[in-house]
Amino acid sequence: MKKLFTVALTALMVLVLAACGSEGGSSASGDDGSASGSDSGSKESKTIKAGIGLNDKHPQYKGLLKFKEIVEKKTDGQIKVETYHSGQLGDDRTMTENLQTGSQEVTIPSTAPLANFVPAFSVFDIPFLFPNTEVADKVLASETGQGLLKKLESQNLVGLAYWENGFRDVTNSKRAIKSIEDFEGLKLRTMENDLHLDAFNKLGANPTPMAFTELFTAMQQGTVDGQENPYATIYLQKFYEVQKHVSNTHHIYSPFVFLMSKSFYDNLSDENKKIVEEAAVEAGKYEKKLNREANEKYLKKLQEEGMTYTEISEENRKEMKEAVQPVVEKYKSKIGEDVVDNIYKEVEKAKKETE
Ligand code: KDG
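First, a word on scope: everything that follows refers to the structure included in this document.

What counts, and where the lines are drawn
- Residues numbered from 1 in each chain as written.
- Predicted model: local features only at pLDDT ≥ 70, side-chain atom pairs only at ≥ 80, totals over all residues.
- Heavy atoms only, no water.
- Phe/Tyr/Trp six-rings, centres within 6.5 Å; stacked < 30°, edge-to-face > 60°.
- Helix = DSSP H or I, 4+ residues; strand = E, 2+ residues; numbered from the N terminus.
- Buried < 20%, exposed > 50% of the residue type's maximum accessible area, 1.4 Å probe, protein only.
- 1 Å grid on protein atoms, 1.4 Å probe; cavity = no way out; pocket = protein on both sides within 12 Å on 5 of 7 lines; lining within 4 Å.
- Points joined across faces, edges and corners; volume = space filled by probe spheres on them.
- Nonpolar A, V, L, I, M, F, W, Y, C, P; charged D, E, K, R; others polar.
- Near = heavy atom within 4 Å.
- Polar contact = N/O pair within 3.5 Å; in protein donor to acceptor, adjacent residues only side chain to side chain.
- Areas by Shrake-Rupley, 256 points an atom, 1.4 Å probe, with all protein chains shown as cover.
- Contact = heavy atoms within 4.5 Å.

**A short note on the packing of aromatic side chains**
Thought 1: Applying the stated criterion across every chain yields a total of 11 aromatic pairs.
Thought 2: Measuring from centroid to centroid gives 5.2 Å for Phe 167 and Tyr 253, while their planes differ by 70°, and the two rings are edge-to-face. Here Tyr 253 lies in strand β10 (residues 253–261) and Phe 167 lies in strand β4 (residues 157–167), a separation of 86 residues in the sequence.
Thought 3: A ring pair is formed by Phe 183 and Phe 200, whose centres lie 6.1 Å apart and whose planes are at 55°; its orientation type is tilted. In this pair, Phe 183 is assigned in the loop between β5 (169–172) and β6 (187–190) and Phe 200 in helix α7 (residues 194–202), connecting sequence segments 17 residues apart. Of the two residues examined, Phe 183 and Phe 200, each falls in the buried class.

Rendered as structure tokens:
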């Protein structure tokens, strides 16, 4: 009897030890972040800290949530994406510097502030460069457009995709903008970009460069009379609460660039590099779709919120374009003669293909 008890106890202890061993194994593989518990292989467990300047209502943030969904699903939770909006991690310049130092992994600025890191991106600040979104899409997808993204690598940045901010329109609290004369003396906030500054000087305005995160307060306090952004931003950031007039100047088409820290990207496995690359492109298509739908419907909503809309005639728009042409010549060498010449060629090619 006693022997039987000893054997049973020994068997029980073996079973208990075996169970501990496997739990230890599963918790060990769980530490690798292999949520499915599948063969761990060389699993990597990383977190992407992603921040933008616009708020959580904007298509840009919805696009970022789509990126998060795709990456976390395709990496089986190995890579987690933390999302931040409304400048919680800083303004565009600060967040881009965060990527360079490695304290943040993703941000999605407009090309205008990005030109402070890679001057060639100022090519997209050439006023009236793109006549419509069809031409913009083709040029950004062209060898010239994609080639610009490569220039980011020298700044410890990786440009994974172009997303869309959109055609920019002027708002202000003083007067209707119908012709070039109406810009005279207007205190207009511009993005932190010298070409924008010079262009609005040429139009007769009194421009002030300012981070996006400071803009609403500056308009509220009258530090600036006006600003320029796409309708979606004007509406979703509630600029109608502090601005009276909006005009369809459509003076610039702003791309966003989905930026990743190069030091982070380089340390990803080849499989996960492919996942983040494809996720940035797929989420960008989603963001562009939402952004175009938003820009279609929000001008009407701005008027419903009490803003006065003024249509710019083609003749007056042509006069504005002619007035700022000398600025383009001035910045050609800073942007790169080849970049400017090639982008104009791509625009002409895209115009022919979309006529
Ligand atoms: O982070 C969002 C900004 O990059 C974007 O809104 C820039 O259009 C812009 C502006 O006016 O600053």
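**A few points about empty space enclosed by the protein**
Thought 1: This model, assessed by the stated rule, comprises 3 cavities of 30 Å³ or more.
Thought 2: Size it by volume and the largest cavity reaches roughly 160 Å³.
Thought 3: Leu 54, Asp 92, Ser 110, Phe 212 and Phe 256 are, among the 18 residues lining the largest cavity, the residues nearest its centre.
Thought 4: The class makeup of the residues in the lining of the largest cavity is 8 nonpolar, 7 polar and 3 charged.

**Considering the site of the ligand**
Thought 1: Contacts to the ligand come from Gly 53, Leu 54, Asp 92, Pro 109, Ser 110, Asn 165, Arg 168, Arg 189, Met 191, Phe 212, Asn 229 and Phe 256.
Thought 2: Taking Asn 165, its side chain carries an N or O atom lying 2.8 Å from an oxygen atom of the ligand.
Thought 3: Separating an oxygen atom of the ligand from a side-chain N or O atom of Arg 168 is a distance of 2.9 Å.
Thought 4: Across the complex, the protein chains shield 99% of the 320 Å² of accessible surface that the ligand would expose by itself.
Thought 5: Classifying every residue of the shell around the ligand gives 5 nonpolar, 4 polar and 3 charged.

**Quick notes on the layout of surface pockets**
Vacant regions in the atomic arrangement are exposed by a probe of water-molecule size rolled over the atoms.
Thought 1: In this model, the largest pocket occupies a volume close to 420 Å³.
Thought 2: Residue lining of the largest pocket: 20 residues in total, with Gln 146, Leu 149, Leu 160, Ala 161 and Tyr 162 positioned closest to the centre.
Thought 3: Secondary structure elements with two or more residues in the lining of the largest pocket: α5 (133–141), α6 (143–150), β4, α10 (262–266) and α11 (270–304).
Thought 4: Per element, the largest residue contribution to the lining of the largest pocket is 5 residues, and it comes from β4.
Thought 5: Split by residue class, the lining of the largest pocket holds 10 nonpolar, 3 polar and 7 charged.
Thought 6: The computed volume of the second largest pocket comes to approximately 230 Å³.
Thought 7: Taken together, Thr 133, Glu 164, Gly 166, Phe 167, Asp 169, Tyr 231, His 250, Tyr 253, Arg 292, Asn 295, Glu 296 and Leu 299 make up the lining of the second largest pocket.
Thought 8: Breaking the lining of the second largest pocket down by element, the ones donating at least two residues are β4 and α11.
Thought 9: Residue composition of the lining of the second largest pocket, by class: 4 nonpolar, 4 polar and 4 charged.

**A word on the environment of Val 324**
Thought 1: Residue position: Val 324 is located in helix α12 (residues 314–335).
Thought 2: Judged by its relative accessible area of 2%, Val 324 is buried.
Thought 3: With 124 residues separating them along the chain, Val 324 and Phe 200 place their C-alpha atoms 8.0 Å apart.
Thought 4: Those residues in contact with Val 324, other than ones at most four positions away along the chain, are Pro 127, Ala 199, Lys 202 and Leu 203.

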